[in-house]
Amino acid sequence: MTLSPARVPGTGPGSGPAVRRLTATLYGYAFLDDFVLLYPVYALLFSDTGLTVWQISSLFCLWSLTGVLLEIPSGAWADAVSRRLLLWFGPLLTAAGFTLWVLAPSYWAFALGFVLWGAKGALGSGALEALVYEELDRLGAADRYGAVMGRARAAGLVAVMAAMPLTGPVYAFGGYPAVGLASVLACLLTAATATRFPEHREPAGAAKDDDACREGPGDGTGEGLGDTVSDTPGDGWARMLRAGLAEARGNRSVRGALLLVPAVTAVWGALDEYTPLLVRDTGVAESAVPNWLLLIWAGATVGGLLAGVGRRLGTGGFAGLLAVSAVALAAGAWVRTPAGIGLVALAFCGFQLASVLADARLQDRIGGTGRATLTSVAGVGTDLTTIAVYGAYGVIGSATAHGAAFALFAVPYLVTAVVLAAARKGAAAKQAARAARTSGSRARP
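Quick caveat, the model's predicted, so the values are computed rather than measured.

Basis of the calculations
- Residues numbered from 1 in each chain as written.
- Predicted model: local features only at pLDDT ≥ 70, side-chain atom pairs only at ≥ 80, totals over all residues.
- Heavy atoms only, no water.
- Salt bridge = Lys/Arg side-chain N within 4 Å of Asp/Glu carboxyl O.
- Helix = DSSP H or I, 4+ residues; strand = E, 2+ residues; numbered from the N terminus.
- Buried < 20%, exposed > 50% of the residue type's maximum accessible area, 1.4 Å probe, protein only.
- Polar contact = N/O pair within 3.5 Å; in protein donor to acceptor, adjacent residues only side chain to side chain.
- Patch = residues over 30% accessible without salt bridge, like charges linked within 9 Å, V, L, I, M, F, W, Y side chains within 5 Å.
- Areas by Shrake-Rupley, 256 points an atom, 1.4 Å probe, with all protein chains shown as cover.
- Core = buried A, V, L, I, M, F, W, Y, C linked by side-chain atoms within 4.5 Å.
- Contact = heavy atoms within 4.5 Å.
- Phe/Tyr/Trp six-rings, centres within 6.5 Å; stacked < 30°, edge-to-face > 60°.

A. Seen up close, the pattern of salt bridges. Evaluated as defined, the whole model comprises 3 salt bridges. Of the charged contacts in the structure, one is a salt bridge between aspartate 33 and lysine 120, with a shortest N-O distance of 2.7 Å. On the criterion of sequence distance, the pair formed by aspartate 33 in helix α1 (residues 16-34) and lysine 120 in helix α5 (residues 107-124) is long-range, its members being 87 residues apart. For lysine 120, a relative accessible area of 12% corresponds to the buried category.

The following block contains the structure:
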C-alpha cells in the first residue's frame, strides 16, 4: 500500500497556524541538526589519535560512499513508510557514532561513526524535502516551499557559525569528551524535534475526497510518531522505487530538474571544504582565518534567505544568477587578496540561492508518489559529483595555487548557465512556432 498526501478541504493561505507550526519545527530541526560542536575539531581528533592524512582522507571517502549507496534505497523507504520516523531515527545514529568517537577513539571507531553518520544523511535526504513540500501542498502553500527551505538552510548555517565560538571554551573545560557530549545532546534534541513534524498521508489509491489518515494515539492530528506507515513496508519500498524511477524515465522535465540539482549544488559544496586554504593563501594571519570564513558562510546564509524573492526568476534569470556567481567566484579567488574573499562570499550567496531554487524546481515537477525517491536520486548525483570534485581538486590544487583552482571550478557554472540559456531560447522558439501554426490554422477559411 503506497502513501500520498491528502489535500485538506478549506485549507490555503488562511491556514496560518498549521504552516507556522510546520516551518517552526523545520527551522528548529535544521538549526539543531547543524549545532554540532565536533564539526570544527573532529579532524583534529583524528590527527591527535594518530591517524595519517591518508587515513583521514579514507574516512571522508567512506562517509560519502555510504551516502551514495544508501541514498536511493532510503528515499524509496521514505515514500513507503513514515518520513517523520526516518527524520527521528537518523539523528540517533549520528549520536551513537559521536559517542563511539570520544569513548573509543581509533580508526575503526571513526570509520563506523562515519558509516552511521552517512546513513543518517541518507535517511534524511529526500524524506525531509518530501515531507515539507507535501505538507505545504496539503495546506495550499506549496508556492512557499523555496522560501521555507531557503530559511531552513540559513538556520543550519547560523547553527554552524554559532557552534564555532562555543567549541573552544567547551574543549578547554573538558576536552574531546565534553565536545562529544554536547554534540550527542544536539543530536538527541534534533530527534526530539523531528517528532513534532506533522505528517498526513493517505493510500495512493484512495479517493481524493477521502480525508482519512492513519492516526495514532492522541488527538487525531497525526501526532503519533509512526502513525502513517504502510501495511506492507517491503512491498511498498519496491513499488515506490519503481514508481520514482519510472517517472524520471518518462518525464523529460523531471529528468532535467534531476540533472540541474547536482550541477548547481555539488561544486560549490565541495569547494567549501577548501575555503580555509583559500583564505590562508591571501596572506591573512592564521588567527584571522575563521573570521573570513564567517564572511563566506554569512554570504551563503543570505543566499538561503533570498530564496523567496529568487523564486520569481525564470530560466533566463536563473542562468544569469549562475553566470554572475561564477564570475564573482573566479575573480575573487584569482586576485588572492582578503578583499577578494568578499567576492567569494557573494558567489556563495548566489550558489546557495541557486541550490534552493533548483530543489524547488525539482519538487514542483514531481507529480507521482515517489517524491522522496526522486529527491534521493538527485542526492546521489550530488554525492557522486562531489566525490569527483574532491578528486579533481586534489590533482589541480597540488599543481597550482588554491585561488587558481577555485577560479577553474567556476567554469562548470558558466557551462550550466549557457546550457540553460540555450534551452530557454529553444523553448521560446518552439512556442513561437506553435503559436504561428495555431494562428495560421485559424485564419484558413
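Next, the rest of the story.
B. Broad picture of the side chain of threonine 386. Tracing the backbone through its elements, the reader meets threonine 386 in helix α15 (residues 371-399). Among the residues examined, threonine 386 registers a relative accessible area of 13% and is labelled buried.

C. Looking closely at the environment of serine 82. Along the polypeptide, serine 82 turns up in the loop between α3 (53-80) and α4 (83-103). Judged by relative accessible area, serine 82 falls into the buried class, the value being 0%. In sequence terms serine 82 and glutamate 199 are 117 residues apart; their C-alpha atoms lie 8.0 Å from each other. At a separation of 3.4 Å, a polar atom in the side chain of serine 82 contacts the main-chain amide nitrogen of arginine 84. There is a polar contact of 2.8 Å between the side chain of serine 82 and the side chain of glutamate 199.

D. Region of interest: a nonpolar patch on the surface. Where nonpolar side chains cluster on the molecular surface, the patch consists of Leu408, Val411, Val415 and Val419 and spans about 330 Å² of accessible area. If you tally residues by element for the nonpolar patch, the top one is helix α17 (residues 411-443), at 3 residues. Here valine 411 is to be found in helix α17. Using a relative accessible area of 40% as the deciding quantity, one classes valine 411 as partly exposed.

E. Representation of the nonpolar core. Among the nonpolar cores identified, the biggest contains 54 residues, and Phe318, Leu322, Leu329 and Phe406 are the most heavily contacted of them. When near neighbours in sequence (up to four residues on either side) are disregarded, leucine 329 contacts Leu271, Val344, Ala347, Phe348, Phe351, Phe406 and Ala410. Within the second largest apolar cluster, 30 residues are counted, among which are Val19, Leu131, Val132 and Phe197.

F. Main features of unusual backbone geometry. Although it is not a glycine, arginine 336 sits at a positive phi angle of roughly 55°. Following the sequence through the fold, arginine 336 ends up in the loop between α13 (315-335) and α14 (338-365).

G. Structural context of the environment of leucine 188. Following the sequence through the fold, leucine 188 ends up in helix α7 (residues 145-194). Between the C-alpha atoms of leucine 188 and leucine 92, which are 96 residues apart in sequence, the distance is 6.5 Å. Setting aside anything within four residues of it in sequence, one finds leucine 188 in contact with Leu92 and Ala95.

H. Geometry of the packing of aromatic side chains. Scanning the entire structure with this criterion turns up 24 aromatic pairs. Plain terms: the ring middles of tryptophan 63 and phenylalanine 114 are 5.0 Å apart, the flat faces sit at 35° to each other, and that makes the pair tilted. Of the two residues, tryptophan 63 sits in helix α3 while phenylalanine 114 sits in helix α5, which places them 51 residues apart along the sequence. Under the relative-accessibility criterion, phenylalanine 114 is labelled buried at 0%. One aromatic cluster is present, built from ring pairs that chain together Tyr39, Phe46, Trp63, Phe98, Trp101, Phe110, Phe114 and Trp117.

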